[in-house]
Amino acid sequence: MLATRGVSGSARGLRVSQAFARLVPLLALLGFVLALSAPPAASAARIERYVSLQGAPAPGSVRFDRVFVYQVGERRARTVLVLVPGFLGGAGTIAPVARDLAARLPQTQVWVVDRREQALEDQRGFASRSANAAFDYYFGGRYRRVRGLDVPYVSEWGLAVQLADLRRVVLAARAGGRRVVLGGHSLGASTALAYAAWDFDGRPGYRDIAGLVLIDGGLLGTFDSADAQRARRELDEIRRGQPFEDVLGLGAPELAGIFVETAGLYAVQAPNAPAKLQPLVPPAFRPPFTVTNEALVGYAFDRDSSPPGFEFIRVRAGSLAASGDPRRWVSGERTPIQRLARAMAALKPDFIEWYFPRRLRLDVDAANDLRMTEAAKVLRLRLRWARAVNVPLYAYQTDLTGGRVLRGARRFVKLSRVKRAVLVDDPQASHLDPVVGDPRSNRFLKTVVPFLRRFVMDQHGRTNR
């Protein structure tokens, strides 16, 4: 009996082996066909990550000498576009358009910078990605607050520290012979211009970069300026324990960021539920009737309902529904409300900076003239190379400044040695539309891509010029 089973098993094994041998060529051919038809593996060709880089030495604990970068694009890119967010902005404000740019520009990565003060934030309440958990943690008073008197060194985190950190990012982007284009949104655009004119121990900043991209920002009259009197007065206030911007005036600078991130999570997770945050938001942002979580975001950020003084957060996102309880949001303009909500709710990169240093805004305003004015001397800025800047320039403006973005860009072209400038006026857009808007209607995206294509380097180091 045992012998019979053995012989029968061997015979069956031989037949299976012969059949498998006949299938091998067919399987190989099928694999070859599938390999030809399958798209390339995204993980092998592209990156999307949030990394920490060594920052410059600066006042305060060495643990804050870090800078954070959201990176997206082709793994073997030969060109890197480095972008700096604006006033109160985190890398999350630019991340949506960064992904759009990387998708349209082969051989390109986009790096969006988060400033060192992001490390001050207590983000533990958002770790579970639950809106209710975040609500309980932050509005239950369980989070760790940072008070100005506890971090006196933040009074020195101005433009010099920001540019020293940014240079570490630019040099990392240049590694391996890559070409770097530097830009930013709003105050980040002002920072990029200041970088080009900055003196880094005898080396002009513009020599590190191949071009400049200004997204609704700049200097030379684009925003406010600071004279020596203002510089001395505000520097004294900052150093006496008031180092952070408090845009809501609630005595807790971090609340703006907490409101934004929590509202974004609710709008993503329960868009049509009654807005849980509505009774808690500052009165200027509170609709006069009950709205949904999604509509609360729209009401706070849309051009037609956002309160005066907050033009820097505006989009054209649609409108409240004419009726309903709660009232919903009706999208239909430049920025779909869910695209905005997802950006607000994101973590690493964050949409907003909780603890924005007043010193950085003061220094940028004092850099307005791009030269060593009395205010620049008081604040120890190093603006010595503006007239020598000779890289191509792209500038885009929305409805924010009444034309001052492009006027400032023209002044810079006249002042410097810039030979090629692309200037785009888009008065039908609001300030955040170019960075979070629908790519199908984003005029910034459509006009900056041809400008950036000229900088794309292939694997042999040749540019598309």
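All of these numbers come straight from a predicted model, not from anything done at the bench.

A.B. asks: Explain the overall build of the protein here, please?
C.D. replies: Within the protein, the regular secondary structure consists of 15 helices and twelve strands. Taking all 465 residues of the protein together, 55% fall into the buried category. Counted over contacts in the protein with a minimum sequence separation of 6, partners at least 24 positions apart contribute 74%. As presented, the protein carries roughly 20200 Å² of accessible surface, and 53% of it is formed by carbon and sulfur atoms.

A.B. asks: Just checking my understanding: could you explain helix α10 (residues 337-345) for this structure?
C.D. replies: Residues three or four positions apart in an α-helix share a direction because the helix packs 3.6 residues into each turn. With seven of nine residues buried, α10 is to be regarded as a mostly interior element. Here α10 has its buried residues at Ile337, Arg339, Leu340, Ala341, Ala343, Met344 and Ala345. The secondary structure elements touched by the buried residues of α10 are α3 (95-104), α8 (255-269), α9 (293-301), β10 (327-330) and α14 (433-436).

A.B. asks: Help me out: how do you make sense of the environment of Ile313 in this one?
C.D. replies: Checked against the element boundaries, Ile313 lands in the loop between α9 and β9 (319-324). As a C-alpha pair, Ile313 and Asp302 span eleven residues in sequence and 8.4 Å in three-dimensional space.

A.B. asks: What is the right way to look at the nonpolar core in this model?
C.D. replies: Taken as a class, soluble globular proteins show a tendency for nonpolar side chains to be buried jointly. Val82, Leu212, Val213, Phe301, Phe351 and Leu452 are the most contacted members of the largest nonpolar core, which totals 143 residues. Those residues in contact with Val82 that lie beyond four places of it in its chain are Trp111, Val113, Leu166, Val169, Ala173, Val180, Val181, Leu182 and Gly183.

A.B. asks: Just to check I follow, could you spell out the pairing of strand β11 (residues 393-397) for this structure?
C.D. replies: Within a regular strand, side chains alternate between the sheet's two faces. Judged by how many residues are buried, β11 sits mostly within the fold: five of five residues are covered. Here β11 shows a buried face lined by Leu393, Ala395 and Gln397 and a second buried face lined by Tyr394 and Tyr396. Judged from the four bridges that link them, strand β8 (residues 211-215) and β11 form a sheet pairing that is parallel. Paired with Ile215 across the strands is Tyr396, a residue of β11. Pairing between β11 and strand β12 (residues 421-425): five bridges, direction parallel.

A.B. asks: What am I meant to see in empty space enclosed by the protein here?
C.D. replies: To find leftover empty space, a probe the size of one water molecule is rolled over the atoms. Taken as a whole and judged by the stated rule, the model has four cavities of 30 Å³ or more. Volume-wise, the largest cavity comes out at about 440 Å³. Mapped onto the lining of the largest cavity, the elements with two or more residues apiece are α8 and α9. In terms of lining residues, the second largest cavity is bounded by Arg115, Arg116, Glu117, Trp157, Gly158, Val161, Gln162, Asp165, Pro357 and Leu360. The leading source of residues in the lining of the second largest cavity is helix α5 (residues 159-174), at three residues. Taken together, the residues of the lining of the second largest cavity sort by class into four nonpolar, two polar and four charged.

A.B. asks: I'm lost on the side chain of Thr262 in this one. Help?
C.D. replies: Within the fold, Thr262 resides in helix α8. A residue is classified by how much of its surface remains accessible, and Thr262, at 0% relative accessible area, is buried. Separated by 2.7 Å, the side chain of Thr262 and the backbone oxygen of Ile258 make a polar contact. Those residues in contact with Thr262 that sit more than four places away from it in its chain are Phe126, Ala131, Ala134, Phe135, Phe139 and Leu277.

A.B. asks: Explanation requested: the packing of α8 against α10 in the structure shown.
C.D. replies: Helix packing for two helices is described by the angle between their axes and how far apart those axes are. Running from N to C, α8 and α10 point in directions that differ by 130°, and their axes come no closer than 7 Å. By the criterion of interaxial angle, the relationship of α8 to α10 is oblique. Seen from above, α8 lies across α10 with left-handed handedness. Along the contact surface, α8 presents Val260, Glu261, Ala263, Gly264, Leu265, Ala267 and Val268, while α10 presents Gln338, Ala341, Arg342, Met344 and Ala345. In the contact of α8 with α10, the residues fall into eight nonpolar, two polar and two charged.

Procedures and definitions
Residues numbered from 1 in each chain as written. Predicted model: local features only at pLDDT ≥ 70, side-chain atom pairs only at ≥ 80, totals over all residues. Heavy atoms only, no water. Helix = DSSP H or I, 4+ residues; strand = E, 2+ residues; numbered from the N terminus. Buried < 20%, exposed > 50% of the residue type's maximum accessible area, 1.4 Å probe, protein only. Contact = heavy atoms within 4.5 Å. Areas by Shrake-Rupley, 256 points an atom, 1.4 Å probe, with all protein chains shown as cover. Core = buried A, V, L, I, M, F, W, Y, C linked by side-chain atoms within 4.5 Å. Pairing = 2+ DSSP bridges. 1 Å grid on protein atoms, 1.4 Å probe; cavity = no way out; pocket = protein on both sides within 12 Å on 5 of 7 lines; lining within 4 Å. Points joined across faces, edges and corners; volume = space filled by probe spheres on them. Nonpolar A, V, L, I, M, F, W, Y, C, P; charged D, E, K, R; others polar. Polar contact = N/O pair within 3.5 Å; in protein donor to acceptor, adjacent residues only side chain to side chain. Axes fitted to C-alpha atoms, helices over the stretch in contact; angles between N-to-C directions. Parallel < 35°, antiparallel > 145°, perpendicular 65-115°, else oblique. Left-handed = near helix turned anticlockwise from the far one by under 90°.

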